[in-house]
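# Reading the structure
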Amino acid sequence: MKIHEYQAKELFKKYGIPVPEERICHNLSEIQAAASEIGIPCVIKAQVMVGGRGKAGGIKIAKTEDEVKEYGEMILGMKIKGLEVKKVLVSEVVAIETEAYLGIVVDRTHKKVVVMSCKEGGVEIEEVARQNPEAINKVYADPVFGLFPHRARKVGLFLYSEPKVAFACASIAEKLYKLFIELDASLAEINPLVLDKSGNLIALDAKINFDDNGLYRHPDIEAMRDRFSEDENELLAREKDLSYVRLSGNIGCVVNGAGLAMATMDLVKHYGGEPANFLDIGGSSSPQKVMNALEILLKDENVRVIFFNIFGGITRCDDVANGILAAKEKLDIKQPIVARLTGTNEDKAMDILKEAGLIFASSMDEGAKKAIEVLKGV
Amino acid sequence: MSILVNKDTKLVVQGITGRDGSFHTEQMLKYGTRVVAGVTPGKGGVSVHGVPVFNTVEEAVAETQANTSVIFVPAKFAVGAVYEAIDAGVKLVVCISEGIPALEMVKITGYLKDKNCRLIGPNCPGLISPGEAKVGILPGHIFKPGNIGVISRSGTLTYEIVDNITRAGLGQSTCIGIGGDSIIGTKFIDCLELFAQDPQTEAVVLVGEIGGRDEQDTAEYIKREFKKPVFGFIAGKTAPADKRMGHAGAIISGTSGTAAEKIKAFESADIKVGETPAEVARLIKETLS
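For every chain, the first residue of its written sequence is number 1, and the numbers climb from 1 along that sequence. Just so you know, chain letters begin at A and ligand numbers begin at 1, following the order they were written in. Local features in this predicted model are restricted to residues of pLDDT 70 or higher, and side-chain atom pairs are both shown and tallied only at a pLDDT of 80 or more, whereas totals for entire chains, interfaces and linings draw on every residue.

## Observations concerning the overall build of chain A
The criterion, for reference: Helix and strand definitions follow DSSP, with helices as H or I runs of at least four residues and strands as E runs of at least two, each counted in order from the N terminus. Each residue gets a C-beta atom placed from its backbone, and two residues are in contact if those atoms lie within 7 Å.
In terms of regular secondary structure, chain A is built from 13 helices and 18 strands. C-alpha extents for chain A along the principal axes are approximately 80 × 50 × 40 Å. Taking the contacts inside chain A whose residues are at least 6 apart along the sequence as the reference set, 67% of them involve residues at least 24 apart.

This is how it looks when you write it as structure tokens:
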């Protein structure tokens, strides 16, 4: 789960990580009031959960009252990578001496929490990791004992030669680590970490992602979820305990299992079609779950044909068949359905569906090809 | 021969009285797995499908000499169940449960460091040595004893590929679902090290997916020291960036962890990569016959 910059900064403040003075605003009058409180010049920053806000024109420095109005009006409501800006952050201008990167992630290879730092700020760390890996300093936390103070100091000393600044940075690294562990984060990033002209460190930008598996023990974090910035179908799917991701094609896919669901999308593409979505109905799929899946799928108006790819193991094909039948009755499905149901109780499934007007396939390759073929006639 | 599970596997099922635990206990028994004990705290003394249930894993191990555990308990209790199994001294713990926070896996990894115990999973379908033993939820009927080792990050996609391999007339030595989370107990390389030593295994199939760099690291390892032929498949070529595709670990972050970079890494290690699941079986058949 992702949160906005302003929410991440609220958490930073709670953990004692210094952030600029700033206000979150929802309309122009709030922006103007915040600007006069904080002082002009000030920075106006779009709050959307995508990278590249600056390049898209979503971050501006307003030097006059007129510019506050001009930029405020411009940024509020603008679209960045398809997401509408509904909130902006008005922030004090920080006099930047140097910019650095400080971030914490779980290192999948070493199965440890790692503090990464880089003397260059504002960078995309994955890009640096690929092109210039020596530029990144990695310090690992002990899985049981945590981030030792001397290791945090190593982070500070890597970034800054002035001991006073280095130790202030170490303290920020320790606080960021504490936040990361206590809140089940999967990423906590200060990018850039700024050393200002008066020698103070400040988190100019903030990004925190959370481990979805940890959310059950952090209702306060779950409450920060911005439901408006998520795809409506994806939200609905989560409520129904289904995994769904919207894509831009027109072949709706219903699959059991995440790996097979991805492979099904890939196969549709392989044969020249465009998948409309990723949809995993999970292991023990009841007819109701299949109904829910179809309901979500059909909300996407691009879907013109539905492709069921079920490899029955724990999932019983007859359950899926009953779900399809019930959904056809209840939801008035106009789109043709191509069904590949194999494995547990596949014979029963065929019996259930023989009068249902479906197009059957005996392999996933055949199913994908048929779905594409059918599309030509629709 | 096979790896990790075989006729000598004596299994204890943690969460045996639950819906999934009970159902799959029956399935594993039918397959011929020696399920010797079950554990559900507070239900000690009853039996499930003829298998005696104990209150603790320690007791189950003492009474039945179980050497392997499989975990079917909800995520909230699964972490504790893993520690209990490790402490009871079983050599292999297979965690089917999904939803364990990554930071708990970091701690479990730390705890396992000086223990003589291997963890498979979490969020995995388990593993099977066809004709010998099945530990987990894999559908037994699609497997056939043979010489192909299979290692996979997913469940049903593995069945799809295995089904194609079996239909092509080839069997499997051991098939391991290592799990779809970002932090897992046993990775591709760990399994390859075991397959390297297993004379029965002539070739290995790696079923990977987007997210992380385990496939890339594995390709480097294979280049360095793995001598048997290796085949591969990567799911998620059409997956968008920064979206979790079902599995907690299946996410392209920014521009890293893509299917393209994994396929490239595989190919650089002379791993034959199938474009489709069916093609994987064809490639194996062509190469081995």
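There's plenty left to go through after this.
## Focus: the overall build of chain B
Rule in force here: As defined in this context, the radius of gyration uses C-alpha atoms, and a globule is described by 2.2 Å times the residue total to the power 0.38. For every residue, the other C-beta atoms within 10 Å of its own C-beta are counted; 20 or more classify it as buried, 12 or fewer as exposed, and values in between as partly exposed. C-beta atoms are placed from the backbone.
On a plain count of helices and strands, chain B comes out with nine helices and 14 strands. For 289 residues, the compact-globule formula gives about 19 Å, and the C-alpha radius of gyration of chain B, at 18 Å, lands near that figure. Principal-axis analysis of the C-alpha atoms places the extent of chain B at approximately 55 × 40 × 30 Å. Counting across all 289 residues of chain B, residues that qualify as buried make up 60%. Here the analysis covers contacts within chain B between residues at least 6 apart in sequence; of these, 71% occur between residues at least 24 apart.

## Focus on unusual backbone geometry
At the junction of A:Asn191 and A:Pro192, the peptide bond is cis and its omega measures out at 10 degrees in the coordinates. Within the element layout of this structure, A:Pro192 appears in strand E10 (residues 185-196). Along the chain, B:Gly121 connects to B:Pro122 via a cis peptide bond; the corresponding omega equals 10 degrees. The backbone phi angle of A:Asp332 is positive, close to 55 degrees, even though this residue is not glycine. Mapped onto the elements, A:Asp332 comes out in the loop between helix H11 (317-331) and strand E17 (337-343).

## A few points about the sheet that holds strand E2 (residues 42-46) of chain A
All names here are of chain A. Rules: In this description, strands pair whenever DSSP reports at least two bridges between them. To obtain each axis, a line is fitted to C-alpha atoms, and for helices this fit is confined to the stretch in contact; angles are then taken between N-to-C directions over 0 to 180 degrees.
Strands sit in the order E1-E6-E2-E3 across an open sheet of four strands; the sheet is antiparallel. The open sheet has two edge strands, strand E1 (22-25) and strand E3 (59-62), and neither has a second partner. Between one strand axis and the next, the sheet turns through 20 degrees on average, direction left out of account. Across four bridges, the pairing between E2 and E3 is antiparallel.

## What to know about the domain arrangement of chain B
Residue and element names in this part refer to chain B. Put simply, the rule is: These domain limits were set by an automatic method or by a database of domain assignments.
Domain parsing of chain B yields domain 1 (10-120) and domain 2 (139-288). Measuring from the centre of the C-alpha atoms in domain 1 to the corresponding centre in domain 2 gives 26 Å. At the junction of the two partners, domain 1 supplies eight residues and domain 2 supplies eight residues. Of all elements in the fold, only helix H4 (102-112) and strand E7 (118-120) reach the threshold of two or more residues within the side of domain 1 that touches domain 2.

## Comments concerning the domain arrangement of chain A
Accessible area lost on assembly of the parts is the figure often given for the size of an interface. Taken domain by domain, chain A consists of domain 1 (21-92), domain 2 (96-222) and domain 3 (231-377). Relative placement of domain 1 of chain A and domain 2 of chain A: their C-alpha centres are 26 Å apart.

## Looking at the pairing of strand E9 (residues 133-136) of chain B
Residue and element names in this part refer to chain B. Pairing between strand E8 (residues 126-129) and E9: four bridges, direction antiparallel. When the bridges of E9 are listed, Gly126 appears paired with Gly136. Connecting the antiparallel pair E8 and E9 is a turn made up of three residues, with Gly131 showing a positive phi of about 85 degrees.

## Quick word on helix H5 (residues 149-159) of chain A
Residue and element names in this part refer to chain A. To be explicit about the condition: Here the arc refers to the directions that run from the helix axis out to each C-beta atom.
Inspection of H5 places Ala152, Val155, Gly156 and Leu159 among the buried residues, and these make up the whole buried set. The buried residues of H5 occupy one face: seen down the axis, they fall within an arc of 95 degrees. In the core, the buried residues of H5 are packed alongside strand E7 (96-107), strand E8 (112-118), strand E9 (136-140) and helix H6 (163-182).

## Description of the pairing of strand E11 (residues 172-177) of chain B
All names here are of chain B. The element E11 is largely enclosed, with a buried count of six among its six residues. Relative to E11, E8 runs antiparallel, the two being bridged by three bridges. Residue pairing for E11: Ile128 is matched across the bridge by Cys175. Here strand E10 (residues 145-152) runs beside E11; their pairing, made up of five bridges, is parallel. In the sheet register, Pro145 faces E11, and the bridge partner there is Gln172.

## Looking at helix H12 (residues 346-353) of chain A
All names here are of chain A. Every buried residue belonging to H12 is among Glu346, Ala349, Ile352 and Leu353, and all of these are buried. Buried residues in H12, looked at end-on, bunch into an arc of 115 degrees, giving them a common side. Facing away from the buried side of H12 by more than 90 degrees, the exposed set consists of Asp347 and Asp351. On its buried side, H12 packs onto strand E16 (305-312), H11 and E17.

## Things to note about the interface of chain B and chain A
Note the cut-off: When residues are sorted by character, Ala, Val, Leu, Ile, Met, Phe, Trp, Tyr, Cys and Pro go into the nonpolar class, Asp, Glu, Lys and Arg into the charged class, and all the rest, Gly among them, into the polar class.
Contact residues are listed per partner, giving 50 residues for chain B and 45 residues for chain A. Of all the secondary-structure elements, those providing two or more residues to the side of chain B that touches chain A are H4, helix H5 (156-167), helix H7 (214-225) and helix H9 (277-288) of chain B. The element that contributes the greatest number of residues to the side of chain B that touches chain A is H4(B), accounting for seven residues. In terms of residue class, the side of chain B that touches chain A is made up of 21 nonpolar, 18 polar and eleven charged.

## Focus: the nonpolar core
Counted only if it meets this: By our criterion, buried Ala, Val, Leu, Ile, Met, Phe, Trp, Tyr and Cys residues that link up through C-beta atoms within 7 Å make up a nonpolar core.
Residues A:Leu176, A:Leu279, B:Val12, B:Ile71 and B:Val82 are the most contacted members of the largest nonpolar core, which totals 197 residues. Every residue in contact with A:Leu279, bar those within four places of it in the chain, is listed here: A:Leu242, A:Tyr244, A:Cys253, A:Val254, A:Val255, A:Ala261, A:Ala293 and A:Leu297. Grouped together as the second largest cluster of nonpolar side chains are 17 residues, A:Ala34, A:Ala35, A:Tyr71 and A:Leu89 included.

## Considerations on the sheet that holds strand E3 (residues 47-48) of chain B
All names here are of chain B. Taken in spatial order, the seven strands line up as E3-E4-E2-E1-E5-E6-E7 in an open sheet, and their pairing is mixed. A single partner strand is all that each edge strand has here, and the edge strands are E3 and E7. As paired elements, strand E6 (residues 92-95) and E7 share three bridges and run parallel to each other. From the neighbouring strand, Val93 faces E7, where its bridge partner is Leu119.

## Examining the environment of B:Ile161
Residue and element names in this part refer to chain B. Topologically, Ile161 is positioned in helix H5. With 119 residues separating them along the chain, Ile161 and Val280 place their C-alpha atoms 7.2 Å apart. With residues near it in sequence (within four places) discarded, Ile161 still touches Val205, Val207, Phe233, Pro277, Val280 and Ala281.

## Looking at the packing of H7(B) against helix H8 (residues 259-268) of chain B
Residue and element names in this part refer to chain B. The test is simple: Here the angle decides the label: under 35 degrees means roughly parallel, over 145 means roughly antiparallel, 65 to 115 means roughly perpendicular, and every other value means oblique.
At a closest axis distance of 8 Å, the pairing of H7 and H8 adopts a crossing angle of 10 degrees. The orientation of H7 with respect to H8, classified from their angle, is roughly parallel. Residues Glu215, Gln216 and Ala219 of H7 pack against Glu261, Lys262, Ala265, Phe266 and Ser268 of H8. Each residue belonging to the contact of H7 with H8 can be placed in one class, and the counts come to three nonpolar, two polar and three charged.

## Describing the environment of B:Thr68
Residue and element names in this part refer to chain B. Looking at where Thr68 falls in the secondary structure, it is placed in strand E5 (residues 68-71). Separated by 55 residues in sequence, Thr68 and Val13 have C-alpha atoms that sit 8.7 Å apart. Setting aside chain neighbours within four positions, we find Thr68 in contact with Val5, Thr9, Lys10, Leu11, Val90, Lys91, Leu92 and Val135.

## Looking at the packing of H5(A) against H6(A)
All names here are of chain A. Put simply, the test is: If you view the pair so one helix is near and one far, a crossing is left-handed when the near helix is turned anticlockwise from the far one by less than a right angle, and right-handed when it is turned clockwise.
At a closest axis distance of 7 Å, the pairing of H5 and H6 adopts a crossing angle of 130 degrees. Overall, the two elements H5 and H6 adopt an arrangement that is oblique. In this structure, H5 crosses over H6, and the sense of that crossing is right-handed. Between H5 and H6, the contacting residues are Ala152, Arg153, Val155, Gly156, Leu157 and Leu159 on the first element and Ala166, Phe167, Cys169, Ala170, Ala173 and Glu174 on the second.

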